[in-house]
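These are the residues of each chain, in order.
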Amino acid sequence: MSQLSVEDEVELQSLLKQLLRSINDRITGAPSTECAEEILLHLEETDKNFHNYEFVKYLRQYVESSLGTVVEEETKSLTKDGQHAIGSGHDTLIHAVTRRTRDSDEYQQMMQTLKNTMILVVESLINKFEEDQMRKEEMHREKQHSQSNSHYSDNCSDSDSSFNQSYAFIRQEHLQALAEKLDSSRPKEVRWEALQALCCAPPSDVLSCESWSSLGRNLCTALTDLDLSDNVLQFIAKSFSSSPLNVTREIYTSLAKSVESSFQSLKLSFPTGSSAVDVNRPEISRLLKQIRLMNDFQKEVTTFWIRHPEKYMEEVIESTFSLLSLHHEHASASPGTEKALEPIHLLALLDIKATWFKKWMHGYYSRTVVIRLLERKYKSLLLCIEKGKVSPKYCSAQRSVYTGKELEYAFFVHSLCVLGKLLIYANGRKLFPIKVRKRKVPVSVTDLVHRLFQLKKGYNLLFMLSDSLSPSGLAMEVLWKLCERTECAAECLHQTPVIETLLAPVIALLTEQQVTSTLTLIADVLARIANTDRGLSLFLYEKNLVVALSERTFAAHVIVQFTLRLLDKELSSLSESDLSDTLCGAFIFVCRQIYNTCEGLQVLRPYGLHKAVAAAWKKTSSQSERFPTPVPGAAAGKSTQELQNMLIWEETLLDSLLNFAATPKGLLLLQQTGAINECVSYMFSRFTRKLQVSRCEKFGYGVMVTQVAATAPGVVALHSSGFVQALVVELWYVLECGSEDVRVVRPRPTPMDPIDRSCLKSFLSLVNLLSSSQSVWELLGRQPLANKSEYTLREMPTSIPDLIDRLIAVNSDAKINSLFHYEQSHTFGLRLLSVLCCNLDSFLLLESQYNICSILLQNQRENVTEEFIIDGLSVERNHVLVRASVVGGPSERTLPPRALQEGEDPYPWPMFSSDPVPQCYTLDSPKIHHNSQGKRNADEVVTQQDVYPGHDWLASTVFLIMAGDMERSLSLLLNLSSQLTSAFIWPARIHASVHVPVEIAESGIPPIYWCTAHYVEMLLKAEVPLVHSAFRISGFTPSQMCLHWLTQCFWNYLDWTEICHYISTCVVMGPDYQVYMCVAIFKHLQPDILQQTQSQELQVFLKEEPIQGFKVSNYLEFMEGLEHRYRSIVLSDMKTICNPVE
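Predicted, not measured: the structure shown is a model, and the values here were computed from it.

What counts, and at which threshold
Residues numbered from 1 in each chain as written. Predicted model: local features only at pLDDT ≥ 70, side-chain atom pairs only at ≥ 80, totals over all residues. Heavy atoms only, no water. Helix = DSSP H or I, 4+ residues; strand = E, 2+ residues; numbered from the N terminus. Buried < 20%, exposed > 50% of the residue type's maximum accessible area, 1.4 Å probe, protein only. Contact = heavy atoms within 4.5 Å. Areas by Shrake-Rupley, 256 points an atom, 1.4 Å probe, with all protein chains shown as cover. Salt bridge = Lys/Arg side-chain N within 4 Å of Asp/Glu carboxyl O. Core = buried A, V, L, I, M, F, W, Y, C linked by side-chain atoms within 4.5 Å. Domains from an automatic or database assignment. Phe/Tyr/Trp six-rings, centres within 6.5 Å; stacked < 30°, edge-to-face > 60°. Lys NZ or Arg CZ within 6 Å of the ring centre and 35° of its normal. Patch = residues over 30% accessible without salt bridge, like charges linked within 9 Å, V, L, I, M, F, W, Y side chains within 5 Å. Axes fitted to C-alpha atoms, helices over the stretch in contact; angles between N-to-C directions. Parallel < 35°, antiparallel > 145°, perpendicular 65-115°, else oblique. Left-handed = near helix turned anticlockwise from the far one by under 90°. Expected span 1.5 Å × (residues − 1). Arc of directions from axis to C-beta. Polar contact = N/O pair within 3.5 Å; in protein donor to acceptor, adjacent residues only side chain to side chain. Lys, Arg positive; Asp, Glu negative; His and termini not counted. Charge placed at Lys NZ, Arg CZ, Asp CG, Glu CD.

Engineer: Requested: an account of the overall build of the chain, with residues and values cited.
Structural biologist: Across its full length, the chain holds 61 helices and six strands. Each of the 1142 residues in the chain was classed as buried or not, and the buried ones make up 52%. Nonlocal contacts in the chain, meaning residues at least 24 apart in sequence, comprise 73% of its contacts between residues at least 6 apart. About 53700 Å² of surface is accessible on the chain, with carbon and sulfur atoms providing 51% of the total.

Engineer: Summarise the pattern of salt bridges; cite the residues concerned and give the values.
Structural biologist: Summed over the entire model, instances satisfying the criterion amount to 33 salt bridges. Note that Glu318 is salt-bridged to Lys377, the shortest N-O span being 2.3 Å. Of this pair, Glu318 sits in helix 16 (residues 310-324) while Lys377 sits in the loop between helix 20 (364-376) and strand 4 (401-403), and the two are 59 residues apart along the sequence. Across the salt bridge formed by Lys1021 and Asp533, the nearest N and O atoms sit 3.5 Å from each other. Taken as a pair, Lys1021 in helix 54 (residues 1007-1023) and Asp533 in helix 28 (residues 533-541) lie far apart in primary sequence, 488 residues in all. Through salt bridges with shared partners, one network takes in Arg831, Glu876, Arg898 and Glu1104.

Engineer: Let's hear about the nonpolar core: which residues, and what values?
Structural biologist: Grouped together as the largest cluster of nonpolar side chains are 324 residues, with contacts concentrated most on Phe321 and Leu769. Domain assignment of the residues forming this core places at least three in each of domain 2 (270-327 + 338-423) and domain 3 (953-1141). When neighbours within four sequence positions are excluded, Phe321 is seen to be in contact with Trp356, Phe357, Trp360, Val370, Leu373, Leu374, Tyr378 and Leu381. Counting residues in each nonpolar core, the second largest holds 22 residues, with Phe50, Tyr53, Leu67 and Leu125 among its members.

Engineer: Outline the packing of aromatic side chains, supporting the account with residue identities and numerical values.
Structural biologist: Each pair of aromatic rings is reported with the distance of its centres and the angle of its planes. Using the criterion set out here, one finds 24 aromatic pairs in the structure. Centre to centre, the rings of Tyr409 and Phe412 are 5.4 Å apart; their planes meet at 35 degrees, and the pair counts as tilted. Linking Tyr409 with Phe412, this pair stays in helix 21 (residues 404-424), spanning three residues, or about one helical turn. Judged by relative accessible area, Tyr409 falls into the buried class, the value being 1%. By way of ring pairs, the aromatic residues Phe1031, Phe1036, Trp1045, Phe1050, Tyr1053, Tyr1062 and Phe1082 are connected into one cluster. For the cation-ring pair, Arg367 lies above Tyr425, with the distance from its terminal atom to the ring centre recorded as 4.1 Å.

Engineer: Run through a nonpolar patch on the surface, naming residues and quoting values.
Structural biologist: Together, Val1067, Val1068 and Met1069 line one region of the surface with nonpolar side chains, adding up to about 260 Å² of accessible area. Positionally, Met1069 belongs in helix 57 (residues 1056-1069). Met1069 gets classed as partly exposed once you look at its relative accessible area, which sits at 33%.

Engineer: Can you break down the packing of helix 41 (residues 773-780) against helix 45 (residues 840-850) residue by residue, with the values?
Structural biologist: Where helix 41 contacts helix 45, the two axes come as close as 8 Å, and the packing angle between them is 25 degrees. The angle between helix 41 and helix 45 places the two elements in the roughly parallel class. With respect to the hand of their crossing, helix 41 and helix 45 are arranged in right-handed fashion. Counting all contacts with helix 41, which are made through Ser773, Val776, Trp777 and Leu780, the residues of helix 45 involved are Asp841, Ser842, Leu845, Leu846, Gln849 and Tyr850.

Engineer: Tell me about helix 50 (residues 966-977), and name the residues and values.
Structural biologist: Here helix 50 spans 16 Å end to end across 12 residues, near enough to the 16 Å set by a 1.5 Å rise per residue. Turning to helix 50, its buried residues are Met966, Ser969, Leu973 and Leu976. Down the axis of helix 50, the smallest arc covering the buried residues is 100 degrees, so these residues share one side. Exposed side of helix 50, more than 90 degrees from the buried face: Glu967, Leu974 and Asn975 are the residues found there. Of the residues that open helix 50, the one with a side-chain oxygen 3.2 Å from the backbone nitrogen of Glu967 is Asp965.

Engineer: Outline the side chain of Ser239, listing residues and values.
Structural biologist: With respect to the helices and strands, the residue Ser239 is situated in helix 13 (residues 229-242). Apart from residues no more than four positions distant in its own chain, Ser239 is found in contact with Pro203, Thr248 and Ile251.

Engineer: Go over a negative patch on the surface, please, and point to the residues and values.
Structural biologist: A grouping of Glu72, Glu73, Asp105 and Glu106 is seen on the molecular surface, where their side chains present a negatively charged patch. Those elements that place two or more of their residues in the negative patch are helix 5 (54-78) and helix 8 (105-146). Assignment of secondary structure puts Asp105 in helix 8. Look at Asp105 and you get exposed, because its relative accessible area is 63%.

This is the structure we're talking about:
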């Protein structure tokens, strides 16, 4: 086959066109002609359908028919006897045949024929394409002349296919001709036709052509022509959508320079009053379209400019800033009542919230360039807020006519959003201070924030508008973002001038002056500031507010005084409509951010805010009960709305009261209000709905539940609210039931840990609930176990005694058979029992009521054949029995591990099924010499008091210190009872004592909780903040562990020597050393606490593990430092135990 016929040429045209259509997407995506050629050259490697194209099949058939005989002859000649001269191997043969075939005359003739034919085919396709394009242009021209061009056109940024659903390479000669036709000296019709042809060409070819420099200049010139501008924008839009940044940044910078030149030449202006500005005016409409296209590119370019050199991005940013700074460098307003129309005015109309700038500032890659350029050359852009005017009647709806005030206000909003984004970042704040014309002192960050509150004279910024673009809403949005970042808030908001500005209207109202501020928004910012450590410190400890002629006071005092006046409705300067529940609730919320911390409560406690809030709640609650019950289907009248508002206000007050429970002393104040049951019920209703505590809280109700559960009245309230039952039912569901739907799709894995991860949350919740011996007494005291002869599979426990009966005291086959997962569930119960036994009072209650140890020993006896069967349950029971039976510190007893070890003897620790405990778990007990009378008296000393729910561990400790000498023990205790220290280290003595007020004695909350533990939490936050944060994250509280340790005099946690040192230190140095020692212990345990918090085992670790390596002598210097800094606060409050300030 040496020649191709005319029919072959026609067929090749059709097949080639079909191939190009099939790979159209690949070619149109190429940034240049060279890239498109590379795609075609490597098409076989990248396209899996390559051999299925008809064009490829045709070429293969043509090659076979032309060279088939040559290949066969060469193959035969090489496989004759001389094949070894060439070399053995199939690959070698193929290479040899290929080389000889390509050297043959037939191959050369075939290639020449194919080349000539394809040249003709391609030229024919190009000619047909140009003819089609000319026809389309003619039709488009006729259509365009027939349409009116009077309406505003908004299609300038459309990005349709660059090739009009077809593809062709445009020749350099054609582009050169188009560049000449676009010259400004040519007739407009010729330039218009050239633009039409240019829009149909691939942008990559146009931008890479040799004549692009002249072509680009002519395009910029055409942008200034009203009739040609839209066509140029159409080409630019297609270039933006299909070209890489190295190409589009040149177009963008040219467009920016063209717009800048137009503004310089046109010198447009707008009236400053209420006169209208029509953006459909031809010259404004043209510029608006061009800036809109730039704005579209600004918002999209951030998605890909990181893949290109930084200089490209810098050119785009600098050209933008150059355009926007025009009003500072070149523009001048017309005389009279007109102002210059600047590029930023039109940009603000198109993107009023400055979305483009927010995207540029989002990534570090672009943010550094933006800030660097602003600092070096365009710092004047940051002063644009000085020119903004507030217009509360601005409408954000798109339209074509705007008043001068609206135009200025759009500029103001855009500028405010830019500045708000800059202030968030540290390098953005470093741009300040900035010199301002007509102002001697440069503008600092604090000045700028101050101006957010005073954009107009007085406090008129903070007026309420419903529109999302209202001045108050915009300013608050900026301030909220500043509050969210710690460093930003510290630099911008935690400043004395800012606090003074915020509280100025509050002070004015307290002094019976009239103000016009929106106090609700002020309260919202104050709450966000108070929610940070630095902001709270500013409120509590800095006298930065002038309330009288020269008198200065703390911000916290002003806020709480104003809140109390609002609650009592004693502000005559506020109208009745302004004295709304919403305003009062907003300022209570500010106080709440203060009193839900230990240090904040210390400041607010003398004001009796808890009493005022409780009184308001009781009044509102009684009023709401008088309203008639709404009838279903009846029309909602005024009374229904009033009832709804009253119920919302009642919940607000309950929520505010509930947050007193965030601290130990606050819980005592809440209990004294008599509203603890209602508050806990409200908390439980929100807890079950998984609602957030508040918009400022980072954690849920876990910490608050733990705090409440540490006291007798708190756990009673939790039980009556249904919280305990819900917790038990949820635990049983995850432990025994699970989700059947999940098991069908994905079988439940066999748990490898003693407590499965699905049950861990419920386990920790139970540990938190039962951490205090008082909570165990309230939930288990005098509550018998069911011990039924039969349990149905559907029978679920609903209380803590039921849970102990089913999971811990498993002493019958009925209980074993009632569990679907006996080993897992019983292991869970034994782990819970192990934690409960760590509290010695809780263990004594369990043992006295349920004989827990006897049940466990019986279970061990049943687990014996010839010797003990070692399994998970027997090992766990052995550990619990040793823990419950042996008393001692970290070096005074040995607890058997819960895990087996590798080797022939996996568990070398002895098991036992009867008393006594094997000697290897205990040390030799010291010999105490005393007579029989001493024994009887000792029994009387350590006998449990009827009124105190627990054992007197201090008396037992003193008895052992005195080596069993009864007389010396009684003498020491009598002398100690007259000391202030005894109120804190001797809980049994101060319980229900006549020396404390009746309401505190009846509360059942011991001083070591509401005083000692309270100050431990306060000092931890200041001295060991990482430990304080770890407790917050875990949902556990330091006060729980302090109550546990101190109630049992550190038995089982410290060695005997350190226990003696603890008592001696508190007696000799003062009761406040009890606080300092707890802080020292937490500091000692900090590495372990941080590690256990990560594994979600902090509660169990602190409960079960002794305090390893702690010696009082090693931390005396640290405790003395705490005494120097805090004794004036801690000891002073301890001395008021008999008459505490409420």
